[in-house]
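Notes for the structure review
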Amino acid sequence: MNYATPARDWRLCMIGCIGAGVVIAGGVYLMDFYSPTVSTTESVRFRFSGLGLGLGGNLSSFALPGLVPDVWCDIPARMAFNGWDLNGAEGAIGNAGVGVGVNVGVTNMLAQKGTDTYFDFNGDVGISGGFGAGISGLRGVYRLMGTSRNIPSRDDAYIA
């Protein structure tokens, strides 16, 4: 994996998140970023940690095999970026969801460094494993954790 290879064809798989808030909120998200331009055998794992406003709490975003066919979503990149660019980038994640066992929610994401905005998108409503109910808006930082063998399978990589 070459963290310096820029790409615009990034896909995202949310590995998990945990958060809680009663007005003041905090959360940690683990996610894999995959680009076939960068590597066809590995993804880049990131942790986003943030503080903000919110109410409720959750433990969610784990995959539900057989229920959700494609756990990867396309990232509408505003510009090409690489793993080193995203490392240390400021960002925001807005999240609202509810569930007991099966979580239904929506997540909005932003990543930028200075005047460079890598992505800013409103996610679709998604289904994952999860417990809790909450809504939050967090500002924080993306941190590179390393590589992962988690990549889209050929069967589900481009299901719309």
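Description of the structure in this document. The model shown is predicted, which means the values in this text are computed figures rather than measured ones.

Helix and strand counts for the chain come out as one helix and five strands. For the chain, the sequential pattern of α-helices and β-strands runs β-β-β-α-β-β. A buried classification covers 46% of the 160 residues belonging to the chain. A total accessible area of about 8000 Å² is found for the chain, and carbon and sulfur atoms account for 60% of it.

Turning our attention to the side chain of Ser43. Mapped onto the elements of the fold, Ser43 is located in strand S2 (residues 43–62). One polar contact links the side chain of Ser43 to the main-chain carbonyl oxygen of Asn150, over a distance of 2.7 Å. Excluding anything up to four places from it in sequence, Ser43 contacts Met1, Asp32, Phe33, Tyr34, Trp72, Gly146, Thr147, Ser148, Asn150 and Ile151.

What follows is about the pattern of salt bridges. This model, assessed by the stated rule, comprises four salt bridges. Asp32 serves as the salt-bridge partner of Arg45, at 2.6 Å between the closest nitrogen and oxygen. Note that Arg45 is positioned in strand S2 and Asp32 in strand S1 (residues 11–34), a separation of 13 residues in sequence. The residue Arg78 makes a salt bridge to Asp120 at a minimum N-O spacing of 3.6 Å. Taken together, the positions of Arg78 in the loop between strand S3 (73–74) and helix H1 (83–86) and Asp120 in strand S5 (residues 116–148) put the pair 42 residues apart, joining distant regions of the chain.

Met31, Phe33, Leu86, Met109, Phe119 and Tyr142 are the most contacted members of the largest nonpolar core, which totals 28 residues. No other element matches the seven residues that S1 contributes to this core. When near neighbours in sequence (up to four residues on either side) are disregarded, Phe33 contacts Trp10, Arg11, Leu12, Ser43, Val44, Phe46, Trp72, Ile75, Leu86 and Phe119.

Our focus in this paragraph is empty space enclosed by the protein. As enumerated under the stated definition, the model contains one cavity of 30 Å³ or more in all. Looking at the largest cavity, its volume works out to about 130 Å³. Looking at the largest cavity, it is lined by 18 residues, and the ones nearest its centre are Gly19, Ala20, Gly26, Asn58 and Ser136. Of all elements in the fold, only S1, S2 and S5 reach the threshold of two or more residues within the lining of the largest cavity. Here the residues of the lining of the largest cavity sort into seven nonpolar, eleven polar and no charged.

Another aspect to go through is unusual backbone geometry. Backbone geometry at Val23 places phi at a positive 75°, although glycine is not the residue there. Mapped onto the elements of the fold, Val23 is located in strand S1.

In this section: the environment of Glu90. Take Glu90: it is sitting in strand S4 (residues 90–113). For Glu90, the contacting residues outside a window of four places in its chain are Leu110, Ala111, Gln112, Arg139, Gly140 and Tyr142.

Let's shift gears to the packing of aromatic side chains. Scanning all chains against the criterion turns up twelve aromatic pairs. Plain terms: the ring middles of Tyr34 and Trp72 are 6.0 Å apart, the flat faces sit at 65° to each other, and that makes the pair edge-to-face. Here Tyr34, found in strand S1, pairs with Trp72, found in the loop between S2 and S3; they are 38 residues apart in sequence, far enough to count as distant. The burial state of Tyr34 is the same as that of Trp72; both residues are buried. Grouping aromatic residues by their ring pairs yields a cluster made of Trp10, Tyr29, Phe33, Phe46, Phe48, Phe81, Tyr118, Phe119, Phe121 and Tyr142.

Reading the values: rules and limits
Residues numbered from 1 in each chain as written. Predicted model: local features only at pLDDT ≥ 70, side-chain atom pairs only at ≥ 80, totals over all residues. Heavy atoms only, no water. Helix = DSSP H or I, 4+ residues; strand = E, 2+ residues; numbered from the N terminus. Buried < 20%, exposed > 50% of the residue type's maximum accessible area, 1.4 Å probe, protein only. Areas by Shrake-Rupley, 256 points an atom, 1.4 Å probe, with all protein chains shown as cover. Polar contact = N/O pair within 3.5 Å; in protein donor to acceptor, adjacent residues only side chain to side chain. Contact = heavy atoms within 4.5 Å. Salt bridge = Lys/Arg side-chain N within 4 Å of Asp/Glu carboxyl O. Core = buried A, V, L, I, M, F, W, Y, C linked by side-chain atoms within 4.5 Å. 1 Å grid on protein atoms, 1.4 Å probe; cavity = no way out; pocket = protein on both sides within 12 Å on 5 of 7 lines; lining within 4 Å. Points joined across faces, edges and corners; volume = space filled by probe spheres on them. Nonpolar A, V, L, I, M, F, W, Y, C, P; charged D, E, K, R; others polar. Phe/Tyr/Trp six-rings, centres within 6.5 Å; stacked < 30°, edge-to-face > 60°.

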